[in-house]
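Fold and geometry: a report
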Amino acid sequence: EARYNFKEIEPKWQRRWEASDLYRVTEDSDKPKFYCLEMFPYPSGNLHMGHVRNYSIGDVVARFKRMQGYNVLHPMGWDAFGLPAENAAIHRGIPPAEWTWSNIANMRRQLHAMGISYDWDREVATCHPNYYRWTQWLFLQMYKHGLAYRKKAAVNWCPSCATVLANEQVVDGACERCHTPVIRKDLEQWFFRITDYAERLLSDLQKLPGWPEKVKIMQENWIGKSTGAEVIFRVEGSDEEIPVFTTRPDTLYGVTYMVLAPEHPLVMKLAAGKPQEKEVAGFVQAARYLSDLDRTATEKEKEGVFTGAYAINPVNNERVPIWIANYVLMEYGTGAVMGVPAHDQRDFEFARKYNLPVKVVIQPQGQELDGATMTAAYVEDGIMVNSGPFNGLPNREGIGKVTAYLESIGKGKARVNYRLRDWLISRQRYWGAPIPMIYCDRCGLVPVPEEDLPVILPEGVEFKPTGESPLKNCPEFVNTTCPRCGGPAQRETDTMDTFVCSSWYFLRYTSPHSQERAFERDKVDYWMNVDQYIGGVEHAILHLMYARFFTKALYDFGLVGVEEPFQNLLTQGMVLKDGSKMSKSKGNIVSPEEIIDRYGADTARLFILFAAPPERDLEWSDQGVKGCYRFLNRVWRLVAAYAGAVRQAGGSPAFEKPADRELWRLLHATIKKVTEDIEQRFNFNTAISAIMELVNGCYRYQDAVPANEQNLPLMGEVLRKLVTLLAPFAPHIAEELWQGLGGRESVHLEPWPAYDPGALVEQEVTLVVQINGKVRDRVQVPAGLPEEEVEKLILKREKVASLLAGQQVVKVIVVPDKLVNVVARR
Ligand code: ANZ
Ligand code: ZN
């Protein structure tokens, strides 16, 4: 028999599947649909093991569901805009488009070599005009509905990349990409009003039981809902009012100072003409060079200056000094804080540092706190004191009562606040979807008419890392005519954050060729939601939040009928080597291509699925890979040994022999286990070990039963089912073996095997028990019970034991499944 030659069979089947459109799908109302989606990759140039893991997991789900009778949509595409392409242009002079498209070609070839069951007809690339045209169109819808707007904003600026970063791209105060400390800069920027959706993004997490709890918690924290009150303080000697946001209106009588963010618009007004003016201006200047994170880090020294002005506490008319400090952020709440040092730790540290009074207004039960001597803020619950009419109230009750009182005197109201900020989507970069807006001297801001889309990215642009969009140096692009008045006008030169492109790609897959629309409503209605989404946990916040926001906005525009895009989410673990993440800098990368070349795609897939459950991190092991390769060879030899004979031996697998029955039982137990492991828990690793057990069982049968007594119809049935179970994991070898066993159509069109619960019951037989040749007892035992087991069981029986009392057992003779004779002597 021929040996397992993956080099021949893998490309062969890839070609045939492709030629027969095996994975093409159309909407079919007779079948239940299943939309299986893996996060599309950035075309960096080569697949890495993380991709292999992601797509192998997705492929098992897709193939399994297809075999279960679902109409499965399983598409793939490219998240193709972004910085690396532009850096390649800057550093190596390769045009971003060329770099990107050649990377796509290479990675597409690598994906083909893995044998993943994609409907390639639906491939999309976000950098293609047929795609970004619709990204631009969606921007215009956002604009039309008031969800896209422009404003001057203090933005995170990376001096090294010379670009604006979203809050999410700032990690520990530094640029996520190059680790340069981020500074603040005021620029006109485009935003999406995601904050309008904060409450729905939060409460709808409850509609997602199929998401990992940890991801939902991360989203919840990111949205960061706080409930409390807005309190209005008046500025002494002026009619300026300063609202503050507080989660603790119950501590209002304990305010001893007020703090504004350095960027607060009132700051210089308050300090004007005061002796402090110069110092205040200097402090404001310095704060611009600190990121939000640096400013609020708890270990960061709290620093501030007095403005020289005072505010009036609305409930007791006390006069409190107004400070500015680095720990108050302009973007949160109102950009102003009431300082309650007795009950807030940051305020406490600030007050001690600058000798501001500490006034206790919440007393713990049975303990007397003294503001002058306390060493930390008291942040727990207690009874209100020094709080006028509210004295004696438990502080939790006080929260509502004080808020109601403020409302009654027109000095405040209940308020909810979110940490979530609007989404800054403009980038001063070339390689992205141009924002389709025009500036006209006469008409102002004018959207590009929908029929003029796409606004095409011009080629041959010059790249200089200036911090301005390279499109600015491109007069053919910039200069245009106003769509409204026909006069001279300029195009917006900023491009969109690539997260915009990836916020709707799952919709484009449903109708990727549409020239009329971003997506066809009837197709979206048929396919959405994504039934299973699979990707890295690093996208738990950004991508998943933005895609949820887009879906909700499109729902509100009447463009889609679902409010959530992803019904179930699986976040896969990392692939590690020697205990740490594979990375270029560590030099511990195992290249997928090399593994596929050495062992084949089926081995690579099998290993990565077998080595760990999908959500856990996976440790790369060369031994493990070899083990999987050996296993596939073992399957190959087993099937090869029987293929010819079982093809001839038709008939149904009737049988009586215990060994036959045991093999039959094992087959059905395996089907049950593999089905449940895939379906209920994505436990591909244990599913694969069950298949390995079945292979062992077949070899045991081959060894134990003489060749002429082997049940070929039974063996044929077992091997066909075995190969079917293996198909989602190792699709090429399964297909080859299936054909060898006489399969006519593709194994991937086979229905998923059902198990027979009846077969799982181990059958029983009646054993006759003799003592010294005389029948003394009868006993029911499982068929095929081994001799030692039978002996143990018989001698333990009460009746037999009492008959043997005082005798010595000389030997026990077992005739399997029929009779036991105990020979005993006094
Ligand atoms: C007075 C007070 C007393 C506060 C007390 C807390 C405890 P979360 O829960 O994160 O929403 N705060 C408000 N706006 C701020 C800003 N722009 N920058 C920095 N801090 C700000 O926190 C809300 C609390 O954070 C608010 O409640 C305010 O301090 C502070 F015993 O007001 B609190
Ligand atoms: Zn105009």
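Computed from a predicted model, the values in this text were never measured in an experiment.

Concerning the overall build of the protein
- Helix and strand counts for the protein come out as 27 helices and 34 strands.
- Computed over its C-alpha atoms, the radius of gyration of the protein comes to 36 Å, more than 25% above the 28 Å expected for a compact globule of 826 residues.
- Residue burial in the protein is summarised as follows: out of 826 residues, 55% are buried.
- The contacts of the protein with a sequence gap of at least 6 include a subset with a gap of at least 24, amounting to 72%.
- Looking at the protein as shown, the accessible area adds up to about 35,700 Å², and 49% of this sits on carbon and sulfur atoms.
- Each charge sign in the protein was given a centre, from 97 positive and 105 negative side chains, and these centres are 3 Å apart.

Side note on the domain arrangement of the protein
- The domain boundaries assigned to the protein delineate domain 1 (6-126 + 502-585), domain 2 (139-193 + 422-498), domain 3 (225-418), domain 4 (621-760) and domain 5 (764-825).
- In this structure, domain 3 and domain 5 have C-alpha centres spaced 87 Å apart.

Re the packing of aromatic side chains
- Summed over all chains, the structure comprises 47 aromatic pairs.
- Each ring, one from Phe 306 and one from Tyr 310, has its centre 5.5 Å from the other, and the planes form 70°; the classification is edge-to-face.
- Overall, Phe 306 belongs to the buried group, its relative accessible area being 17%.
- Three or more aromatic residues joined by ring pairs form one cluster here, namely Phe 139, Tyr 143, Trp 190, Phe 192, Tyr 197, Trp 423, Phe 499, Tyr 546, Phe 549 and Phe 550.
- For Arg 63, the ring lying beneath its charged end belongs to Trp 17, and the centroid distance is 5.4 Å.
- Directly above the ring of Trp 211 sits Arg 548, whose terminal nitrogen or CZ lies 5.9 Å from the centroid.

Topic: the coordination of the zinc ion (ligand 2)
- Only Cys 440 (SG), Cys 443 (SG), Cys 482 (SG) and Cys 485 (SG) from the protein reach the zinc ion (ligand 2) as donors, at distances of 2.2 to 2.4 Å.
- Here the zinc ion (ligand 2) is ringed by four donor atoms whose angles at the metal span 105 to 115°, and the overall shape comes out tetrahedral.
- On the basis of relative accessible area, Cys 482 is assigned to the buried category, the value being 3%.
- For Cys 485, a relative accessible area of 32% corresponds to the partly exposed category.

A look at the pattern of salt bridges
- Following the criterion strictly, the structure yields 47 salt bridges and no others.
- The partner of Lys 302 in a salt bridge is Glu 349, and the shortest N-O contact between them spans 3.6 Å. Of this pair, Lys 302 sits in the loop between helix H10 (292-296) and strand S13 (304-312) while Glu 349 sits in helix H11 (residues 345-354), placing them 47 residues apart in sequence.
- Relative accessible area serves as the criterion here: at 5%, Lys 302 is assigned to the buried category.
- Linked through salt bridges whose partners overlap, the residues forming this network are Asp 21, Arg 24, Glu 27, Asp 119, Asp 121 and Arg 122.

What to know about the sheet that holds strand S22 (residues 444-447)
- If you trace the four strands from one edge of the open sheet to the other, you get S22-S21-S24-S23, paired in antiparallel fashion. At either end of the open sheet lies a strand with only one pairing partner, and these are S22 and strand S23 (479-481). Averaged over all adjacent pairs, the angle separating strand axes in this sheet is 40°, with direction ignored.
- Sheet topology note: the S23/strand S24 (residues 488-491) ladder contains three bridges and is antiparallel. If you follow Thr 480 over to S24, its bridge partner there is Ala 489.

Some points on the site of ligand 1
- Near ligand 1, the surroundings consist of 16 residues, among which Ser 226, Thr 246, Leu 329, Tyr 332 and His 343 are the closest.
- With respect to ligand 1, the side chain of Ser 226 contributes an N or O atom lying 2.4 Å from an oxygen atom.
- A distance of 3.1 Å is found between an oxygen atom of ligand 1 and a backbone nitrogen or oxygen belonging to Thr 247.
- Looking at the shell around ligand 1, the elements with two or more residues in it are strand S11 (241-246) and strand S15 (336-339).
- Classifying every residue of the shell around ligand 1 by side-chain character gives eight nonpolar, five polar and three charged.

Details of unusual backbone geometry
- A cis geometry characterises the amide bond from Leu 453 onward to Pro 454, with omega recorded as 0°.
- Positionally, Pro 454 belongs in the loop between S22 and helix H13 (475-478).
- In the segment running from Met 528 into Asn 529, the intervening peptide bond is cis, with an omega of 0°.
- If you check the backbone angles, His 179 has positive phi at about 65° while not being a glycine.
- Examined against the element boundaries, His 179 turns out to sit in the loop between strand S8 (174-175) and strand S9 (183-192).
- The residue Asp 578 is not glycine, and still its phi comes out positive at about 50°.
- Positionally, Asp 578 belongs in the loop between strand S28 (575-577) and strand S29 (580-581).

What counts, and where the lines are drawn
- Every residue gets a number counted from 1 within its own chain, in the order that chain's sequence is written.
- The lettering of chains begins at A and the numbering of ligands begins at 1, in the order of writing.
- With the structure being a predicted model, the display of local features is reserved for residues of pLDDT at least 70 and the display and counting of side-chain atom pairs for 80 or more, all residues being used for whole-chain, interface and lining totals.
- Based on all heavy atoms of the structure, the side-chain values leave hydrogens and waters out of the count.
- Note on conventions: DSSP H or I runs of at least 4 residues are helices, E runs of at least 2 residues are strands, and numbering of each starts at the N terminus.
- Every radius of gyration here is taken over C-alpha atoms, with the globule rule written as 2.2 Å times N^0.38, N being the number of residues.
- Burial here depends on accessible area, computed with a 1.4 Å probe over protein chains only, as a share of the maximum for the residue type. Under 20% is buried, over 50% is exposed, and the range in between is partly exposed.
- Whether two residues are in contact is decided by their heavy atoms: any pair within 4.5 Å suffices.
- Shrake-Rupley sampling with a 1.4 Å probe provides the accessible areas, and residues are treated as covered by the protein chains on show and by no other component.
- The charge count includes Lys and Arg as positive and Asp and Glu as negative, but it does not include His or the ends of the chains.
- To locate a charge, take atom NZ for lysine, CZ for arginine, CG for aspartate or CD for glutamate.
- Each domain span listed reflects an automatic or database assignment of domains.
- Aromatic pairs are defined between Phe, Tyr and Trp rings, using the six-membered ring for Trp, whenever the two ring centres lie within 6.5 Å; interplanar angles under 30 degrees are classed as stacked, those over 60 as edge-to-face, and all others as tilted.
- Criterion for a charge above a ring: Arg CZ or Lys NZ at most 6 Å from the ring centre, at most 35 degrees from the ring normal.
- Metal coordination here is assigned from N, O and S atoms located within 2.8 Å of the ion, or within 3.2 Å for Na, K and Ca; omission of water means that sites may look incomplete.
- Site shape is set this way: if four donors have all angles between 85 and 135 degrees, tetrahedral; if opposite donors are over 155 degrees apart and all others between 65 and 115, square planar for four donors and octahedral for six; otherwise irregular.
- Note on definitions: salt bridges are taken to be side-chain nitrogens of Lys or Arg within 4 Å of carboxyl oxygens of Asp or Glu.
- Strand pairing is assigned whenever DSSP detects at least two bridges linking the two strands.
- Orientation is described by axes fitted as lines to C-alpha atoms, over the contacting stretch for helices, and by angles from 0 to 180 degrees between their N-to-C directions.
- It suffices for a single heavy atom of a residue to lie within 4 Å of a molecule or strand for the residue to be listed as near it.
- We call two N or O atoms a polar contact when they sit within 3.5 Å, provided that within protein one can donate a hydrogen and the other can accept it, with sequence-adjacent residues counted only if both atoms are side-chain atoms.
- Amino acids outside the nonpolar list (Ala, Val, Leu, Ile, Met, Phe, Trp, Tyr, Cys, Pro) and the charged list (Asp, Glu, Lys, Arg) are all regarded as polar, and Gly is one of them.

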